[in-house]
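Observations on chain architecture
Residues per chain, in single letters:
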Amino acid sequence: MEFESIKANHLTSIQQLAVSIAKADDLQGMLDGIVEHIFTQLESFDCALFLYEASHQELICYSYCKQGVSEKESFKLKPVKLGSGIIGHTAENRQTMRIDDTDQSKIFVQDLQKNYSELCVPIVLNDELIGVIDMEHPDNAFFTKQDARYVETIASMVAYLIKQYQSNEKLYLTIEKLKFDEKKLRDKEVFYRNLMEQASDSIFIHDQAGRFLDVNQQAVLSLGYSREELLQMRVKDIDISSGQNTNSGTEFYKSLRPGEPVIVECKHQRKDGSVFPVEVKVGLLSDDNIIAVARDVSKRQQVIDELDTSKRFMQDIINTSPDVIYVFDFEKDLIIDGADRFARYLGYDGEEFESWSSVLKFIHPDDSDILKDRGAKIMSSSSDEVIKSEGRFKNAKGEWVWLKNHCKIVKRTSQGEPLIEVGTISDITHRKVMERELINKEEYYRALVENAFDGIVLYDEKGRVQFLSKSVEKLLGYKAEDVTNKTGIDFIFPSDVELVRKAWRWVIAHPNQIYRIPDYRLVKKDGGLIWVENTLINLLDDPVVNGIISNFRDISHKKSAEQSIYKISNYDTLTELPNRHFLRQQIERQIKRSKKEPQSISLVYFDIVQLNGINNAMGHWVGDQVLHYVARVIRENLDEFDLIARSGNDEFAVVLTEQEPFEISQLVERILSSFENIIRIGELELKVSIRAGIARFPEDADSAEDLLSRAEIAVGRVKNLSTQYTFFQPQDSESIRYRINLERELVQAIDDESLELFYQPKVCLRTGVIESVEALLRWNHPESGYISPQTIVNIAEANSLIYKLTSWVVENAIKQIKDWLEKGLNTRIAVNLSARDIQRAGFEADIRQSLEKYQVDSTLLDIEITESAAMADMEHSVQTLRQLSDLGIGISLDDFGTGYSSISYLASLPVDLVKIDQTFIQGLKQASAQAVKDNQLIIKNIIRLAESFKLVSLVEGIETIEQCRLLQKYNCDLGQGFLFSRPKSAKDIEPLLRKGYIDMDIFKIAKPSVND
């Protein structure tokens, strides 16, 4: 390539690159410098340098740069096969490839990042492929011929350097391998030297002429020569036999073969002249030298001599012992001594007992396994182990006698297998008879103990367990082996130890007297606890017992029942917090204590605002989780010793001592702030609000009940305040007293028939016909005047009075139907029910009974129930409403559109009519045009929804002609409101019912439009 054809700036950059390469410490540093230089100079999208691996026919990416990516990751980091793609073709042909548009190239390998131009230059040295430099750019025809010549110049310049670096690396690896092999050889030499020096036998290495080349330390110790002396000697100098015949030694060495050692018997002579026998294993090494391992066998004769001495000693014992002493030879399977005495022991001739196998025919069938087990134990016994066994054998008279055998292996092979067994045999028949009698007596008494339901344990004077009955295992799970070296204290629950120690001290001091411990806890083997009632008696003076007897019985069920009753009485089952009963007791205790040690007591009463709505809309499971969440938040903000209790369905109470109002306010505000944001319950996101009322002792109350009452009054007053909490004020009690009096007077009003039903018509918006009337409750209080119906219902729903009130309303409505029928008025009446009414068992039967009582057709009665009331218990609501519907009673869903999930329940509830809440029609009076438009859209969509479910639609609260016209336009079926008639008494509304319709022309209401 001509340098003149390269850009001037390229020449400068190549000079710079040369300087950079010269400074590189290794091959990788040089390659990174080349790639970064080209990438920067040409401003390409990326640049990669591959080196060719001839052994795999692949190009491996050693360096890579890419715009906008700090991490070196690309498909180019993968190996490229020779001939594959542009890079592989460039390498295979060893020619530069400049692609202006890769989409037009058949050999282009499509990447996730699409490229449009590519320059690929081979690195070649003396026609040998070194590698490839590859660049890409997203613009077409980005790389020029000058760029190609520039890169080719760099490729030519660095080819030799890369090759040189690669050669140097290979040379370095070769040197390192040689060093490693040399070290490995030295390590191996050290290993074998250590192995040779630690051998317990003498080791000699000598040539075939017998000259010693090396010896180990054991050879030095065995012969008494120093290592230097032995290395100056020959085999013949220490081996008497080889020294006598030199030619025989030479011929012997020639007969050796590698890997086939030969064992010979020789005699070695020590430096002091003594001679000893050796067993020598001779082998041929790979270098034709000889290795000889010599073992001193002089001790063998000593062992044989000692064995002869032992035999004589054993014979003396055998001749003088009253028991049979025998010797058994395993190799010969023969009783070599004592067989005749064994035979005579049982009254047989000596020939009957030559071996153990011949003894088998005399053993009792039930004990044959004992003899087999004895044989197995002998074979696996240790050198000092004595094997014991007992069994019954038949003597010459045909009687079964018990024989006891003790034996031991006294000689074994080098592999540890038994060679000689020595043992004794004695008659224990008399002892067995005595044992049997004793066992029978023990079994008798044990049966009494074991079959007792109570646990029985015997302790020594130090409290250590000596015996425990089977019933203890059943009660506690411990077996005899589990209580070895343990005392009774080890099994007692730590909190009860001192109680039992006190009892133990008394029992020790009062022999023969019974001590009863009413209850304490024992720890079972599995870690569980058991409550027991225990009696102890000291019988240490009784020589038969010699211990302290403990008799205990399980009273866990009794204690569990007591604890369950206590827990049920004092704790809430859902949150496991103290309940109202426990709370009252604790307050009473603190008030009593404060009279001795004056202290202030504050009661903070928390109320969850919308818990009932959450239960109705989302189910009680969600409500329960909200209760857990609120309890946890309150607890997290309290001190360790502050008391928190669940005092009601959606209420929690906290008892604080010695807290100033300012501190209490801070605490309450901190807790309330935890509920400012949305909380998460499972997969649901909810907005939960709580409020709080605070009462203090002694400022607000002097008893626990009054303090609770004052806190409840305070939290109730928060409903009418802008704040979320308040302290009790004396005037709050007046409103509560008024409500209590009103509740009492309401009961009297129901009994005295002081209540009254007013009636408001439901009018067809197309024809003006009065379809039915709704019964509305009125109470003209003698002092307060008319009481709001909502106030009446709220008071009644606070207790079971709602049932009595509803029964009165239903019966009087049916009675009014009957009265109007007798006057010729066939008018249907609708009555309102509460959530508690619809959930009451037997409600449907009560209505049926009233209809039958007044002989009124059920189709003349309608039931109205609010959407939220129907959702309180959906399953029960559907069941009750379906029973009423089956009677022919009409079902209306009141206040529709204000609940939680109206649409989803329309298909489930047996509803005939939906009453659209008056808030929407009243919303048409809004000053905001958007608000008016929104309410119109809601009304129209609810009417359409009712039509789609084939339900009658009714809008209540109609007061103006414009409202009526709008509803006619939306095809609403019925209307109710002051525009047609205010609620009136039965007497006052009769003329309108006789007329039977509202004169629509009076209001000049336009005919309904067919257009929406």
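Up top you'll find the structure we're talking about.
Every value quoted in this text rests on a predicted model; they were computed, and no experiment measured them. (Residues numbered from 1 in each chain as written. Predicted model: local features only at pLDDT ≥ 70, side-chain atom pairs only at ≥ 80, totals over all residues. Heavy atoms only, no water.)

1. As for the sheet that holds strand β24 (residues 651-657)
The mixed open sheet is built from five strands, whose spatial order is β23-β24-β22-β27-β28. Since the sheet does not close on itself, it has two edges, and those belong to β23 (643-648) and β28 (725-727), each with one partner. The mean inter-strand angle of the sheet, taken between neighbouring strand axes irrespective of direction, is 20°. The sheet contact formed by strand β22 (residues 601-608) and β24 spans seven bridges and is antiparallel. Bridge pairing links isoleucine 601 to threonine 657 in β24. With respect to the sheet, helix α19 (residues 620-636) is in contact with β22, β23, β24 and β27 (690-697), its orientation differing from that of β24 by roughly 10°. Lying on the sheet, helix α21 (residues 704-717) is in contact with β22, β27 and β28; it crosses β27 at an angle near 145°. (Pairing = 2+ DSSP bridges. Helix = DSSP H or I, 4+ residues; strand = E, 2+ residues; numbered from the N terminus. Axes fitted to C-alpha atoms, helices over the stretch in contact; angles between N-to-C directions. Contact = heavy atoms within 4.5 Å.)

2. Describing the pairing of strand β16 (residues 418-427)
With eight of its 10 residues buried, β16 lies for the most part within the structure. Direction of pairing for strand β12 (residues 324-329) relative to β16: antiparallel, over a ladder of six bridges. Counterpart to phenylalanine 328 in the pairing with β16 is glutamate 421. Taking the residues that link successive antiparallel strands as the turn, the strand β15 (residues 400-412)-β16 hairpin has five residues, and the phi of glycine 416 there is positive, at about 90°. (Buried < 20%, exposed > 50% of the residue type's maximum accessible area, 1.4 Å probe, protein only.)

3. What to know about a positive patch on the surface
Together, Arg589, Lys592, Arg593, Lys595 and Lys596 make up a region of like positive charge exposed at the surface. For arginine 589, the position within the fold is in helix α17 (residues 580-596). Residue classification places arginine 589 among the partly exposed residues on the basis of a relative accessible area of 41%. (Patch = residues over 30% accessible without salt bridge, like charges linked within 9 Å, V, L, I, M, F, W, Y side chains within 5 Å. Areas by Shrake-Rupley, 256 points an atom, 1.4 Å probe, with all protein chains shown as cover. Salt bridge = Lys/Arg side-chain N within 4 Å of Asp/Glu carboxyl O. Lys, Arg positive; Asp, Glu negative; His and termini not counted. Charge placed at Lys NZ, Arg CZ, Asp CG, Glu CD.)

4. Digging into helix α31 (residues 929-948)
Compared with an ideal rise of 1.5 Å per residue, which puts 20 residues at 28 Å, α31 spans 29 Å between its outermost C-alpha atoms and is within 8% of the ideal. Turning to α31, its buried residues are Ala931, Val932, Asn935, Ile939, Ile942, Ile943, Leu945 and Ala946. Buried residues in α31, looked at end-on, bunch into an arc of 160°, giving them a common side. Residues of α31 that are exposed and point more than 90 degrees away from the buried face comprise Ala929 and Lys933. Once α31 finishes, lysine 950 follows within two positions and takes phi at roughly 60°, a positive value. (Expected span 1.5 Å × (residues − 1). Arc of directions from axis to C-beta.)

5. Comments concerning a nonpolar patch on the surface
Taken together, the side chains of Phe191, Tyr192 and Leu195 define a hydrophobic patch exposed on the protein surface, amounting to about 330 Å² of accessible area. For phenylalanine 191, the position within the fold is in helix α4 (residues 145-198). The exposure class assigned to phenylalanine 191 is partly exposed, which follows from its relative accessible area of 48%.

6. Considering the sheet that holds strand β9 (residues 262-269)
One open sheet holds the five strands; their spatial order is β8-β7-β11-β10-β9, and the pairing between them is antiparallel. In this open sheet, the two strands that pair with only one neighbour each are β8 (212-215) and β9. Direction aside, neighbouring strands of the sheet carry axes that sit 30° apart on average. As judged from the three bridges shared by strand β7 (residues 202-206) and β8, these two strands associate in the antiparallel manner.

7. A word on the packing of aromatic side chains
Evaluated as defined, the whole model comprises 11 aromatic pairs. Ring plane angle 65° and centroid distance 4.8 Å describe the contact between tyrosine 478 and phenylalanine 491, whose orientation is recorded as edge-to-face. Here the residue tyrosine 478 occupies a position in the loop between α14 (470-476) and α15 (497-509), and phenylalanine 491 occupies one in the loop between α14 and α15, the gap between them amounting to 13 residues. Ring centres of tryptophan 506 and tyrosine 515 lie 5.2 Å apart, and the angle between their planes is 45°; on these two criteria the pair is classed as tilted. In this arrangement the basic side chain of arginine 982 is found over the ring face of phenylalanine 978, its NZ or CZ atom lying 3.9 Å from the centre. Lying over the aromatic face of tyrosine 997, lysine 995 brings its terminal NZ or CZ to 5.0 Å of the ring centre. (Phe/Tyr/Trp six-rings, centres within 6.5 Å; stacked < 30°, edge-to-face > 60°. Lys NZ or Arg CZ within 6 Å of the ring centre and 35° of its normal.)

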